[in-house]
Structure formats: structure tokens, C-alpha cells
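Reading the structure
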Protein chains: 6
Amino acid sequence: MTSSPTPENAARIDGRTADRLRPVTITRNWLDHAEGSVLVEFGRTRVLCAASVTEGVPRWRKGSGLGWVTAEYAMLPRATHDRSDRESVKGRIGGRTHEISRLIGRAVRAVVDYKALGENTIVLDCDVLQADGGTRTAAITGAYVALEDAVSWLRERGAIKGKHEPLTGSVCAVSVGIIDGKPMLDLCYEEDVRAETDMNVVCTGDGKFVEVQGTAEGAPFDRAELGSLLDLAELGCRELTLIQNKALGR
Amino acid sequence: MTSSPTPENAARIDGRTADRLRPVTITRNWLDHAEGSVLVEFGRTRVLCAASVTEGVPRWRKGSGLGWVTAEYAMLPRATHDRSDRESVKGRIGGRTHEISRLIGRAVRAVVDYKALGENTIVLDCDVLQADGGTRTAAITGAYVALEDAVSWLRERGAIKGKHEPLTGSVCAVSVGIIDGKPMLDLCYEEDVRAETDMNVVCTGDGKFVEVQGTAEGAPFDRAELGSLLDLAELGCRELTLIQNKALGR
Amino acid sequence: MTSSPTPENAARIDGRTADRLRPVTITRNWLDHAEGSVLVEFGRTRVLCAASVTEGVPRWRKGSGLGWVTAEYAMLPRATHDRSDRESVKGRIGGRTHEISRLIGRAVRAVVDYKALGENTIVLDCDVLQADGGTRTAAITGAYVALEDAVSWLRERGAIKGKHEPLTGSVCAVSVGIIDGKPMLDLCYEEDVRAETDMNVVCTGDGKFVEVQGTAEGAPFDRAELGSLLDLAELGCRELTLIQNKALGR
Amino acid sequence: MTSSPTPENAARIDGRTADRLRPVTITRNWLDHAEGSVLVEFGRTRVLCAASVTEGVPRWRKGSGLGWVTAEYAMLPRATHDRSDRESVKGRIGGRTHEISRLIGRAVRAVVDYKALGENTIVLDCDVLQADGGTRTAAITGAYVALEDAVSWLRERGAIKGKHEPLTGSVCAVSVGIIDGKPMLDLCYEEDVRAETDMNVVCTGDGKFVEVQGTAEGAPFDRAELGSLLDLAELGCRELTLIQNKALGR
Amino acid sequence: MTSSPTPENAARIDGRTADRLRPVTITRNWLDHAEGSVLVEFGRTRVLCAASVTEGVPRWRKGSGLGWVTAEYAMLPRATHDRSDRESVKGRIGGRTHEISRLIGRAVRAVVDYKALGENTIVLDCDVLQADGGTRTAAITGAYVALEDAVSWLRERGAIKGKHEPLTGSVCAVSVGIIDGKPMLDLCYEEDVRAETDMNVVCTGDGKFVEVQGTAEGAPFDRAELGSLLDLAELGCRELTLIQNKALGR
Amino acid sequence: MTSSPTPENAARIDGRTADRLRPVTITRNWLDHAEGSVLVEFGRTRVLCAASVTEGVPRWRKGSGLGWVTAEYAMLPRATHDRSDRESVKGRIGGRTHEISRLIGRAVRAVVDYKALGENTIVLDCDVLQADGGTRTAAITGAYVALEDAVSWLRERGAIKGKHEPLTGSVCAVSVGIIDGKPMLDLCYEEDVRAETDMNVVCTGDGKFVEVQGTAEGAPFDRAELGSLLDLAELGCRELTLIQNKALGR
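Along every chain, residues carry numbers that run from 1 in the direction the sequence is written. Here chains are named by letter from A upward and ligands by number from 1 upward, in the order in which they appear as written. A pLDDT threshold of at least 70 governs which residues receive local features in this predicted model, and a stricter bar of 80 or more applies before side-chain atom pairs are shown or counted, although totals over entire chains, interfaces and linings include all residues. Hydrogens and waters are ignored; side-chain quantities use all the structure's heavy atoms.

As annotated in an unreviewed UniProt entry, chain A carries the name Ribonuclease PH and is attributed to Actinospica acidithermotolerans. Check the Catalytic activity (unreviewed entry) section of the UniProt entry for chain A; it says "tRNA(n+1) + phosphate = tRNA(n) + a ribonucleoside 5'-diphosphate". UniProt positions are given in the numbering used here, feature names are shortened, and annotations may be inferred rather than shown by experiment.

If you want it as C-alpha cells, here you go:
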């Protein structure tokens, strides 16, 4: 990470420069029962990612020889500044929860070779224990590592039959945004609410895009701003890939 | 990007070139009761957009002097090739429905000046009567026109107090995707299921981005491919803006 | 239709005489995907009826050699004068919706020969696009025509094995009511809310009753009034049968 | 219609003639807490009707000076021959339950003078303890008696302000049907499932109709058959009115 | 029951001494369809217990050779002093209902030998018709008797294959509590709301404990108070066992 | 009861003697946003307890001058050996969850003086991150500590008006059970599933009972066994009280 802090971009709430991630930590095997589990932290954002393996696949996929990977995202009621009601008590999953669960699922599936996985199912539960912005990007970044551990667990048990790797690469994600006209990397909650444009970018370890979701919260953005945001996101994802690899002992 | 058909991009299912929209029609006042209503068609995709005005705003916004605009998206059970179960019968709204409702809401709100609207609420119901790809982009494109009519209805009744326009511009949306390695504009259903990358782009009438949502369905995409898709989307949105203006008699 | 308008019964809101239907139109093949589809209009009431065919029958009926026909009724939120909340969002189907879905199902099943239909299922979706009274009777009248088209579709594909017709006749429905002491045919919304007695009558093409549902909204009614209402309903159903036959090219 | 048994109509399962009710009993004050309560029995059909009074009316009716009466119908899981699942456990009220609750509500409201009742609410809970056909008609017949007791309770407490009676008459109901081509009164379950046509008729004590719901379960019915059924229903309701009056000590 | 009333413990609302049950009656065969049915009354508390037999067991138990017994508890809306909303209408079962259903299930299962029962399922529906305290203990006491009748029904049909009895003993339950510092047996509603400590005790016919659930509603209780409550509960259960046996003609 | 391991009670899975707790740790302030938060561990059981303070009380309690304390319990899907479905996805809270939430609420409310608390509400969220038996007892033990911190937070802000302490004492809980005929303290999951009798006991810091819930999972238990279990539970609660006090720096 080369861009040295300049006076103006040093103005971030926590002293970071515009192009810096918050401290990221990935703790593997945080749970005793799950086949893969990771506590991932992006600053104060803390997400518990658990990978659960079950033999076999959902009924509609039986006999296809293909595996299945899916994800569910949720927040504990007091993950946030103010307590929010439990979705289980309300009896409904909110739109935001649905949307993020789907995003995480698509993101990790981008690196899954279903044929190599064989008829095994892996569910990735991403539960936000504490939220301070970027919960979905932290979840994707952690879920990939938990997924790797679950695949290793399967391999050790001889449940991966073929010679191909079930995972074709790595995947991670980061948020970027424009605040007071300046593009910034990895927004914390306070920055997120002030951002004029907010973008979540999911990248593979070799720097390609899996998902780009940019939204103008305030004024619409132009092609040049979009370019700056993508630059920052690519930078952040390169660093996250290194952190993932280190956590996996590569 | 010129629109003359070349041998290679003439290969689309319906004979269109890669950079052409399907025939788009916007029929205003399709309903008798709604304050604004539009039947919008993108080829065989047919969405009924109804704008409902109510005086006042939700409780949490009362006394703020600000208006409120929201959207709901749904599909009739036989809009699709195979009948799908009703969400009302299942007792739950699916993740996809939630996600698209939220997208439409964000898209139209990008051109709303809540202060100028005053304490009025407009609900935009986008019901897909027939689906052939691009239902969410057709919905956004039609919802904006219905919204204009609802605002005119308010203005005629003297319910817009200030001198500012409640709508600061226009908004439309189009899908783009990469099929067999080629970027294409406004995918129909058959193209959509084959697309390696699929992107929905929401633009304002002056060519800025409100929302960019690109997803790799197959192989991840690189920066150059992203650029080509954005070029096509900008082209499509310029044309949709003209069609909207014409429908509104501008 | 012989009864000439007299000064007193000319007093209806839209100038009709007491014994006249509103203009009724039946547009077949309104949808591209459905095996049968009809847009039926009774004045400003507009209902989209889609017939969806699936091979096979529900589990409890398998191996019986008998087919199955069912119906679902719903209203778009802005079909009505004031917007109503979506039942999918509320997470529950209301009593009225349930009741009308059941009524339509019973009505069309009255002319179905399950044995002749064989193990095929037809679902009739009746979605009210615009409501101005008589939505359930319009739905039944249109659903029958969509059902005929779906049966033809099956026959063309050789899926009707036996020599018997799956439909033993036709079915249609009309509302009648007593307003200011006078019996009237085919009430529009404004009349419906003022009616002292309101009756929905479902008839077969040969003039027999499938369903008679009369309700005193104001004062109870006597046997003579019931008789007058049935007279009017029989008259209206005769005319609707002609319109259905014409739409079907008979 | 004379009630002497003739050879042919003596053929009913329980030895009744076609024009006879099953033994009907009405037990008042079956519950200690409810303001009115009745255990009503039509043969083996047993329905507990409880009238609950609350001061005041629902929000949408406040300040109108008008009262409110509503009804809810339900069945215990083992009221029927085979156990049915609880609607509370399923989390949804079925269409049949909804429909009957609405019918009972309309039936009793036909004799309520809301203005005379004043701003009081009465809820009529009709819970079927045992079902043997005719549960909805037994419920209406019993609910009226419970309602009378609830009104008396209000009057005793001085809560009926005006000089008018809150109930303008009595109401009862009976089922009739055509079995093997013969019209019969008050069908038990075994008859009900065999009926070609099934009709529920709600009458006031002075012999007028509140509701007539006839359905062809098998072949459609003609005007003459409809007439015979109404004759029988009027006969049955006259008798039920006597039984109600006797139970009320009139 | 020997303890003669003394001046101080004569102070109970209904004149009972502290160690006396309310009048308990058990009426068998209260329903015509159910394989076992009991109306059980503890004073004014009245619970209808129906045992429904079905051949076979839930899917997860098939082929095990073991039977299954489960219970559901519910209250009619006007069982209580004030009407409560129906759980079916609310669309959810409340925590209290769930908890009591589970308690009744555990209680009766304590005397079931699943192997002797064979692959048969018995569902015990306990519906409170009137509530005056102790509904769960009355339900358990009645459910056991209904269960005995259902087992006899199975035996008569030859559906009990082995030589072992499916029921290994009897089970009953009673509530005890501390009111104004004094332990009392079988609390009615008015006592229940005043109790400092409230305990429900389920015993087998030979005097052992199946379940002990004591809760301090006011001040916590000590070991000595717990002992006194258990003494009273054992006394009450001995008497209930006698009443059950008498009802069963033993 | 001495705690030295004897040959026979040394047989526990993890080497503990029958009368020993698992290692218990209480980590305060585990979350940044909550007014009180505790990660409590009983061996491998790990529960996150968050206390959320809001000014004011629910509507039905307004103006009473009294506060309100409530609790919600839930499990992450992969807290257990096998993944369980999310209750939010199922749309319903299960009976067990309801029951434990209610138990925790009653337990902590036993030491709350609502008048001293004033019109403030405290919600205690107990989310099981990992389950290995005793989750409800760990939750109660941790929730009390989080509650103390929330009350301190209120006091520091001057929101506790009176001179009385809102908490009148401490509360903790432990499970006991009979395994292979021997009473044991603080069962882990593997022991729990083998227990013939299982009991959860909630005590105050001064050794009184708030709740005693004993269930015979296998053979019913007698008075002497009940006594032994209570002895063990009292011992365990004394130790837990010391651990709570130490965590709170007393």
C-alpha cells in the first residue's frame, strides 16, 4: 500500500487515509462444532462466519453430481447502536437481510466448482455480532475462509472424489464511497451514513469483479467518480486477499 | 458505438443488433382511479405502474415538512413461462421481490425533492403482467412517468406549495450483459439466462448514474468489460429518456 | 333484450336501464405464455384471467385418472379507488379474497368432467387490474373462456385421451341487486355500495343455476324480491353466454 | 308441506322425514364469564356460542355513536371424524373458516340497530365442539340467543341509553339440500356429502331472507328445485324461531 | 383426606381448607368421533381432552417399531374473564400455549411404552372451554384418562400387537402455591394471581414425580417452603389418582 | 457434599467430579454499543448477553412510575452440533425458544425493584454462540451481570431517581441431573442427553429459589432424589454467585 497520507485525506474519523482499510483480523476455528468457522473483524465490525457441511444436496439437485453452496446473513439485535427487533420475533425476514444473504451466496458461489465439490452442501451462516459499517463485505471476506476450511474438512474425509479443486480461487469484498466529494475505502458506519455514493465491490483473488453495486445516496455520480471508486476497491481487495491468504497459512 | 447492424452482432434472437433496445412503448392513464398510471412495454415485458397519492406522510416523518415516495414490485403468477406461486398465498415476500422493490424505490427517489413535494406520499406499484427479461428496468422507466403524472395531479389541486419542482429530473433504467463474450443491450429472458455477466444500470436524464449493479453469473469480468457494458447502458438510457419525454409530451 | 327503458328505470348512474349489462368485452390471448388467457371487461371492471396447464395432478389425486381445476383471485393494490395494501406484504390472504377464489373454483368446476380431462391440472388466475363492481362475476365469465382455450391447447397436444369433452357446458356469472326498491342487473361499484340486497348468480349456458348467493345488506328481502332478482340474473346470464360464445368463435 | 312421514321420504339415515329438523336444543349460560353464552345442538352438531361485551368500539368507529357486532367461527381439531390440524399451529386461517365467520357476522348484524346499541362492541365466538353437518346454521341460531343475553346484560347495567331496542328482531338459519333428487331439511354430515345441491338460508323471525347461499355440488339446479328448497328452509326457520323464543322464555 | 378445617385455613375464597382439591369430575366419551374423550372439571375450570388415534407414525420415526404420543393445548377465546384474541387469527401461537402443550406431552409420555404401543400415533388435544386456574393440571389429569380410552380402542381392534401394556402407569397433576405465607392446594384463578410462589407438580399413580415446576412470583422461596408445597402436591395427586381410577371403572 | 473426586464420581466425560461446575468465565463489555454486555462461558457453552436500555416503558405501563425488564433467548444456527434452521427464516419462534426466553425474564425480574428502576426499559438479549448444555442457565447467570452494568449506566446518567437500588440482589442458575443413578452438577450436552432426570434451578445470591424446573426424562424420580439434586444446585449457585461478584469487582 503505497499512497502516503496527505493532509487532506488524513481527515477521516479514525485517522486513516482515504485508501486504507481498517485493521482486519481473521480468526479461524472460532467454533468447536462447525466444519469451518471464522470470526472476521473490519475495525469494530465483527461477523461470525460458520460453514456447515451436509452430505447430499437439496431434492431438486439430487443425482446431478453437483454440489450446492448457500449463505444466510443476520444481525444480532444489539449489534447496532440502537437495538433492533428480532426478525424471528417479527416472523419475517426484512428486505435488507434477504438482499445481503443473496449477495453473499452469489459472491462465494463465483469460486465454487460444483462438479468438483460433488453432491455435498455447504451452508455459510454470517451472523453480525457487532456492526460498524461494511458488515456484508466483512461477511463475504470471512465466509470465503470458512468455506476453505469446510472444503478441507471434506477432503480429509475423502468426500471430494475428483482431482479438481472445489474452489477455483478466492473471493473478498470491500466497500468504497464518496464523502464530501472524496472517494474513500472501507467505510465505517459514521462515514457510511454521510456518503453521497456507496459501492460494494466483490473481487476474486486475481483481481476480477464478481459483483459491483454502486448506489447514489445523494447526488448521482459520473463515469469518472465510478472509476476512482473502482480503483480504490481494487486496491482494498488486493490487500484483503493477502490477509485471507495469510490467515489460511499460504 | 454506432447502431448499424454488423454481421456478427446481428446474431440476436430477435434480430436486433447488440446496441438496440427492444420496441419500448409507454401508455399513460391506463387506469381510471390512479393519480398516475402507465403500462410500459419493453418488447414482450409488460409492467403496469400505478402511482397512488395520499395526503400526509408516515408517522415517523410527520411534521418534517418532507414528502415520501416508495415503491412495490410484484409479478402476476402467470407473468412467467411457468406459473409461479403467489407470494400472498405463501404468506411471504421472496428475496428477489424485496430486492427489486427496494431498487425501484431508490431509483425514483434519486430525482425527488422531498421538501418541494411537501407532506404528501406517493406509492408506486409496479406489477409485472408479463415477463420477458428486464422487468425491473421497465418498471423504473415506467414508474418515473407515472410519478410525473401523480405530481401533476398534486400540482393541479394546489397541493404543491413551494415554487420548486418536486422532481429534479428524470430517471430510467436498462439492463446490459455479456453473452458469448459480447456486450449486449436490453436483454430478453432467453438472453438473460445465457448471460455471463448481467448488469442493471439506472441513469438520470442528464446521463449520470443512480445505480450500477453488475453481477458475474459465469466467469468474473474485468475492468474493460465493465467499461463496454457501461457504454451500452448509457446509450440505452439516452434513448429511454427520449421515449419518456415523448410520452410526457415534452 | 326486450325491456325498453322506461322513465323510472332510466335513472341509473350510467344511463343504463335496470335490465342492461354494462358493455362487456372479452379479449382472448392477452398473454403470450399462458395456455389460455382472457382480459374480460364489464364496463370499467377489468380482470385478467390466465389458465395455466400442468401435466399431472396434486399428490392426493395421483393415479385416480381424474384431473383438477382450481382458481385464485386477487386484486392489484390500485385496482380500487383508494389503494389497498398488498396481501403478500401483509403476509395473509383476507377473507374476501379466499371466499371469491373458492367461488370461482366451484363455478368453473361445475362444467368440468374430471375423467375426460384426465390427470391434468388447470389453475385459473383471476387478477383484477381495475375494479368497478362485479369483479367476481367478470372473473367467472372470463375464466370459463380461458379454460376453454387451455382445454383446446391440451387437445391439440393430444393430452386429452378420451372421446368425451372435458367441459360439459359453459358457465358465466352476473350480479343483481335491489337499489331504492328496484331490482337492477350488473351493478357498478357506486350502485353496489347503495344496494339493499346484493346477489351473485352463476349460471350454466343452458340456464341452470350453479350458485346463488344473495345477501341483505340493508332490510331483509322477501320471496317476491328474490324472484325478481333471479329473473334479471337469468336474463343477464343468457346475454353473457352469447358474448362468450361469440368470443370463442361459435 | 305436511310433516307426516311418507314411505319415500322416510328413507333418511336417522329416520327423519324430509321436512324435519334434527332435535335442536339451546342451553343458555353454559359459561360463567361470558355476558351471553349458549350451547346449541342440532342433532350431534354441538356449537358453543359466547358473546363478549366490551365498552367502546374499534378505532375507526369511535365518536360515531354506533355500536359494533362481529363474529368468529372455529372448529376444535377433533370436532370432525378425522382430526384436522389447528389453524393456530398452521399460522393461517383457512378460507372456509373465514367465509363462515363472515357469514355469521352478516347474519346477526341484520337484526342489530347500531344506533340503539350505542358505542358498545359485542364479539360472538362460535366454536364447534362437535361437527355433524350444519355447523354454520347452528352457530347462527345459537349466536342470536347469546347476543340477546349480552344485550340484556348491557341493559341491566344501564349501558343501553336510548329507548330503542338494539335488536330489531330475531335471526336463525338452516341448511337444505337435494339428495337423490329429493329436497331435504337440515342435513347431517352424511347427507351433506351426498347432496347434489346444498343451500344455507338465514331468515329473520318474521320470515324474510337475510342470506341465501345455494351451491350445486353435482348437477346444476333449476328454478323449480330452488323453489322447493326455499319452501323447506322457510319451514325449518319458522320452527327454529319457536325454539329460540322458547329458550329465551318468550 | 383427613386434615379437618381449622379456623385459619378455612379462609379460602370458596371455603375450602388449604389441603383440599376443588370438586373434580371426569366425564368420559364426551365426544362421538374421538377414540378417547374426556370433559374434566376442576371446580369451574373445564377442559375438553380428545385423544385421536392414527395408524402409523411421523416420517422420522417410521420403521422404528415405536409409537408416538403428542399433545396440543389451547384456550377458547372466552374461556377467560376477559376475551382474548384467537391465536389462529393472530397467526402465531403464544409462548404460554407452546409451553403448556410441551408440558402435557412430556407428562403423558412419562407413562407410555412406545414399543408396546407399536407404530401408532395418539394426539391429545386439550381445549380449555372455561378457565379458573389450574388449566394445565386439569388437562394432564384428563388427558391421561382419554389416552387410556384410546389405547383400549386400539387394543379392541387388535392394533396392540405385543403382550406388554402401552401405558406403564397413570399420571395426574395439580397446582400448589403459597398465599399470604400459607401453602395451598389446587389454586383457583383468584388465588393464583395472589400467590407468592406457584408450583405445578405432575405425579405418577405410584407417587413419583414426573415434573416439578416452581416459580417465585413474589419473594423467592426457601427449602422448607418447597418441602411443604411438595407435601401438599403429593396429597392432591393421590386423590386425583383415585378419581381417575374411579372414572376408569377400576 | 465434599468436592474431592472419588473413584466412582470421577467417571464424568471431562474428568470433573459430580459436584463440580465446568470452568466458568464472565467477560464484561464484550460489545461496544450495548449499555451492558457479557460473554459468559460454562465450558464450551458460550452465550452473549446484551442489555439494552431505553427510556420509557411499553404503552400499557406508561405513567405507572414502574420500569420494565424483559429477555429474549436465541441460538445461532450453528451453535449446535448439527446446523438448525433459523427461526427468522421459518417465520416462527419455536416452543423451546419461547419457553427459555420466558424463564430468563422471570429469573432476572425476581431481583428487580420496578419502582426503584423508574420508567426505564431494559431488554436482555441472550444469544447462544455455541451450545454444549446449560445454555439457559449460563444465559441467566450472564444476563444478571449485564443487567447490573446497564443499571450502573443508568445511574451514571442520573436516570435512577430514587434512593433505592433497582436490583435487590443477584441471581444465577445451574442445571443438575441424574445420570446412571447419580446426581451431577452442571451437565454438558453429552450428559444432558443421557440424564434420567434433568433440573434447572435459579437461585438468588442469598440462596433462595426463584425457579425449580425438574423433569423426568426417563424414570420418574422420588423425593430423596429431588433432595439430592437441590443440594447440588444450591452448591453450584453459591459458586456461581462468587464468580459473578468477582466479575463485577465486588
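1. Some thoughts on the overall build of chain A
In terms of helices and strands, chain A carries six helices and nine strands. C-alpha atoms define the radius of gyration, and 2.2 Å times the number of residues to the power 0.38 defines the globule rule. Since a compact globule built from 250 residues should have a radius of gyration of about 18 Å, the 18 Å found for chain A is in line with a globular shape. Counting only C-alpha atoms and orienting by the principal axes, one finds that chain A spans roughly 55 × 45 × 30 Å. In this scheme, a residue with accessible area under 20% of its type's maximum is buried, one over 50% is exposed, and one in between is partly exposed, where area comes from a 1.4 Å probe on protein chains only. Taking all 250 residues of chain A together, the buried fraction comes to 60%. Should any heavy atoms of two residues lie within 4.5 Å, those residues are considered in contact. Restricting to contacts in chain A with at least 6 residues of sequence separation, those with at least 24 account for 68%. Surface accessibility of chain A: about 9,800 Å² in total, with carbon and sulfur atoms responsible for 49%. A helix here means a DSSP run of H or I that spans at least four residues, while a strand means a run of E at least two residues long, and both kinds are numbered starting from the N terminus. Per-residue and other accessible areas follow the Shrake-Rupley method at a 1.4 Å probe size, with only the shown protein chains counted as cover for residues.

2. Considerations on the UniProt feature "domain: Exoribonuclease phosphorolytic" (unreviewed entry) in chain A
Here the UniProt feature "domain: Exoribonuclease phosphorolytic" (unreviewed entry) sits at residues 21-150 and 170-233 of chain A. Between the C-alpha atoms that bound residues 21-150 of chain A there is a distance of 27 Å. The span itself is 30% helix and 32% strand.

3. Examining a positive patch on the surface
Taken together, Arg-59 and Lys-62 of chain A, Arg-59 and Lys-62 of chain C together with Arg-59 and Lys-62 of chain E make up a surface patch of like positive charges. Relative to the helices and strands, Lys-62 of chain E is located in the loop between strand E3 (45-55) and strand E4 (68-75). Residue Lys-62 of chain E is classed as exposed on the basis of its relative accessible area, which comes to 58%. Residues form patches when they are more than 30% accessible in relative terms and have no salt bridge. Like charges link within 9 Å. Nonpolar side chains (Val, Leu, Ile, Met, Phe, Trp, Tyr) link within 5 Å. The working definition used for a salt bridge is a side-chain nitrogen of Lys or Arg within 4 Å of a carboxyl oxygen of Asp or Glu. Positive charge is attributed to Lys and Arg, negative charge to Asp and Glu, and no charge count is given to His or to the chain ends. To locate a charge, take atom NZ for lysine, CZ for arginine, CG for aspartate or CD for glutamate.

4. Re the side chain of Asp-125 of chain E
Turning to its location among the elements, Asp-125 of chain E is positioned in strand E5 (residues 120-130). For Asp-125 of chain E, a relative accessible area of 1% translates into the label buried. Any N or O atom pair separated by 3.5 Å or less is treated as a polar contact, with the protein-specific requirement of one donor-capable and one acceptor-capable atom, and with residues adjacent in sequence counted only for side-chain atom pairs. Within the local environment of Asp-125 of chain E, its side chain forms a polar contact with the side chain of Arg-83 of chain D, the two groups lying 2.5 Å apart. There is a polar contact of 2.7 Å between the side chain of Asp-125 of chain E and the side chain of Arg-86 of chain D. When near neighbours in sequence (up to four residues on either side) are disregarded, Asp-125 of chain E contacts Pro-77, Arg-83 and Arg-86 of chain D together with Leu-48, Cys-49, Ala-50, Ser-52 and Glu-72 of chain E.

5. Describing the sheet that holds strand E4 (residues 68-75) of chain C
Residues and elements named next belong to chain C. If DSSP finds at least two bridges between two strands, the strands pair. Here five strands make up an open sheet; going across it, the order is E1-E2-E3-E5-E4 and the pairing mixed. With one partner strand each, in any of the chains shown, strand E1 (24-28) and E4 form the two edges of the open sheet. On average, each strand axis in the sheet is inclined to that of its neighbour by 15°, with strand direction left out of account. In the sheet, strand E2 (residues 36-42) pairs with strand E3 (residues 45-55) via seven bridges, with the strands oriented antiparallel. Residue pairing for E3: Ser-37 is matched across the bridge by Ala-50. Against the sheet, helix H2 (residues 95-109) engages E4 and strand E5 (120-130), with an angle of about 145° to E4. As a rule, the C-alpha atoms of each element are fitted with a line to give its axis, helices using only the stretch in contact, and angles between N-to-C directions run from 0 to 180 degrees.

6. Description of the packing of H2 of chain C against helix H4 (residues 135-156) of chain C
Residues and elements named next belong to chain C. The contact between H2 and H4 brings their axes to 10 Å, and the two run at 40°. In terms of orientation, H2 and H4 fall into the oblique class. Handedness of the crossing formed by H2 with H4: right-handed. From H2, Arg-96, Ile-100, Leu-103, Ile-104, Ala-107 and Val-108 reach across to H4, where they touch Thr-135, Arg-136, Ala-139, Ile-140, Ala-143, Tyr-144 and Leu-147. Any angle from 65 to 115 degrees is called roughly perpendicular, while one under 35 is roughly parallel, one over 145 is roughly antiparallel, and all others are oblique. Left-handed describes a crossing in which the near helix is turned anticlockwise from the far one by less than a right angle; the clockwise case is right-handed.

7. What to know about the environment of Pro-183 of chain F
Residue and element names in this part refer to chain F. If you trace the backbone, Pro-183 turns up in strand E7 (residues 182-185). On the accessibility criterion, Pro-183 (27% relative accessible area) is partly exposed. The sequence separation of Pro-183 and Ser-84 amounts to 99 residues, and the corresponding C-alpha distance is 30 Å.

8. Digging into the interface of chain A and chain F
The interface of chain A with chain F comprises 35 residues on the first partner and 35 residues on the second. Of the roughly 3,000 Å² buried at the junction of chain A and chain F (both faces included), carbon and sulfur atoms supply 51%. Once two parts are joined, some of their accessible surface, as seen by a 1.4 Å probe, is lost; buried area is that loss totalled over both. Summed over the three residues of chain A that lose the most area to chain F, namely His-33, Arg-78 and Arg-86 of chain A, the buried surface amounts to 26% of that side. At the boundary of chain A and chain F, one finds 12 salt bridges. Here Arg-78 of chain F ties to Glu-35 of chain A by a salt bridge, and the two come within 2.7 Å at their closest N and O atoms. The tally of links between chain A and chain F comes to 22 residue pairs in polar contact (both at pLDDT 80 or more). Of all the secondary-structure elements, those providing two or more residues to the side of chain A that touches chain F are strand E3 (45-55), strand E4 (68-75), helix H1 (87-90) and strand E5 (120-130) of chain A. Considering only residue class, the side of chain A that touches chain F consists of 17 nonpolar, seven polar and 11 charged. Charged residues are taken to be Asp, Glu, Lys and Arg, nonpolar residues to be Ala, Val, Leu, Ile, Met, Phe, Trp, Tyr, Cys and Pro, and polar residues to be all remaining types, Gly included.

9. Points about the relation of the copies chain A and chain F
Superposing chain A onto chain F requires a rotation of 180° together with a translation of 0.0 Å along the rotation axis, leaving an RMSD of 0.0 Å. With respect to symmetry, the two chain copies, as superposed, fit the operation of a two-fold axis. Closest to the rotation axis within chain A is the C-alpha of Ser-88 of chain A, separated from it by 1.8 Å. Here the copies are superposed with least squares, the fitted atoms being C-alpha atoms of residues at a pLDDT of at least 70 in both.

10. Overview of the pairing of E3 of chain C
Within a regular strand, the side chains alternate between the two sheet faces. Residue and element names in this part refer to chain C. Counting buried residues along E3, nine of its 11 residues qualify, which places the element largely inside the surrounding structure. Hairpin connection, E2 to E3: the antiparallel pair is bridged by two residues, and Gly-43 has positive phi, about 60°. With 10 bridges joining them, E3 and E5 adopt antiparallel strand pairing. Across the sheet, Thr-54 pairs through a bridge with Thr-121, a residue of E5.

11. Re the UniProt feature "binding site: phosphate" (unreviewed entry) in chain A
Residues and elements named next belong to chain A. According to UniProt, the feature "binding site: phosphate" (unreviewed entry) maps to Arg-96, Gly-134, Thr-135 and Arg-136 in the numbering used here. Spatially, the listed residues are clustered: although they cover 41 residues, their C-alpha atoms lie within 13.5 Å of one another. Counting through the fold element by element, Gly-134 comes out in the loop between E5 and helix H4 (135-156). The class for Gly-134 is buried, based on a relative accessible area of 17%. Not counting residues within four places of it along the chain, the set of residues in contact with Gly-134 comprises Arg-22, Thr-45 and Leu-187. You can see Thr-135 is positioned in helix H4. Setting aside chain neighbours within four positions, we find Thr-135 in contact with Thr-45, Val-47, Tyr-73, Met-75, Arg-96 and Val-128.

12. Examining the side chain of Ser-170 of chain A
Residue and element names in this part refer to chain A. Looking at the secondary structure, you find Ser-170 in the loop between H4 and strand E6 (171-179). Residue Ser-170 is classed as buried on the basis of its relative accessible area, which comes to 9%. Residues within four places of Ser-170 in sequence aside, it is in contact with Val-111, Tyr-144, Cys-203, Thr-204, Gly-205, Thr-241 and Gln-244.

13. Quick look at the pattern of salt bridges
A complete count under the given rule lists 139 salt bridges over all chains for this structure. When the shortest N-O distance is used, the salt bridge between Asp-186 of chain B and Arg-16 of chain B registers 3.8 Å. Of this pair, Asp-186 of chain B sits in the loop between strand E7 (182-185) and helix H5 (189-194) while Arg-16 of chain B sits in the segment before strand E1 (24-28), and the two are 170 residues apart along the sequence. This pair shows no difference in class: Asp-186 of chain B is buried, exactly as Arg-16 of chain B is. The partner of Arg-83 of chain C in a salt bridge is Asp-125 of chain B, with the nearest N and O atoms 2.5 Å apart. Of the two residues, Arg-83 of chain C sits in the loop between E4 and helix H1 (87-90) while Asp-125 of chain B sits in strand E5 (residues 120-130), which places them in two different chains. Connected through shared salt-bridge partners, Arg-12, Asp-14, Arg-16, Arg-22, Arg-44, Asp-132, Asp-186 and Glu-191 of chain A make up one network.

14. Quick word on the environment of Arg-28 of chain B
Residues and elements named next belong to chain B. Within the secondary structure layout, Arg-28 lies in strand E1. When the C-alpha atoms of Arg-28 and Cys-49 are compared, they prove to be 9.4 Å apart, with 21 residues separating the residues in sequence. Arg-28 has contacts with Ser-37, Val-38, Val-145, Asp-149, Ala-247, Leu-248 and Gly-249, leaving out every residue within four places of it along the chain. Polar side-chain contacts of Arg-28 include one of 2.7 Å to the side chain of Asp-149.

15. Concerning the packing of aromatic side chains
The way to describe two aromatic rings as a pair is by their centre distance and the angle between their planes. Pairing of aromatic rings covers Phe, Tyr and Trp, the last through its six-membered ring, and needs centres within 6.5 Å; plane angles under 30 degrees mean stacked, over 60 mean edge-to-face, and all others mean tilted. For the structure on display, the rule yields 21 aromatic pairs over all chains. Both rings, one in Trp-60 of chain A and one in Trp-68 of chain A, keep their centres 5.1 Å apart while their planes meet at 80°; by these two values the pair is edge-to-face. Since its relative accessible area comes to 19%, Trp-68 of chain A is described here as buried. With 6.3 Å between their ring centres and 45° between their planes, Trp-30 of chain B and Trp-30 of chain C make a pair best called tilted. Of this pair, Trp-30 of chain B sits in the loop between E1 and strand E2 (36-42) while Trp-30 of chain C sits in the loop between E1 and E2, which puts the two residues in different chains. Judged by its relative accessible area of 14%, Trp-30 of chain C is buried. Ring pairs connect the aromatic residues Trp-60, Trp-68 and Tyr-114 of chain A, which therefore count as one cluster. By the criterion adopted, a ring carries a charge over it if an Arg CZ or a Lys NZ lies within 6 Å of its centre and within 35 degrees of its normal. The ring of Trp-30 of chain B is capped by Arg-46 of chain C, whose NZ or CZ atom sits 4.7 Å from the centre of that ring. A cation over a ring is seen here: Arg-61 of chain C above Tyr-114 of chain C, with NZ or CZ 4.4 Å from the ring centre.

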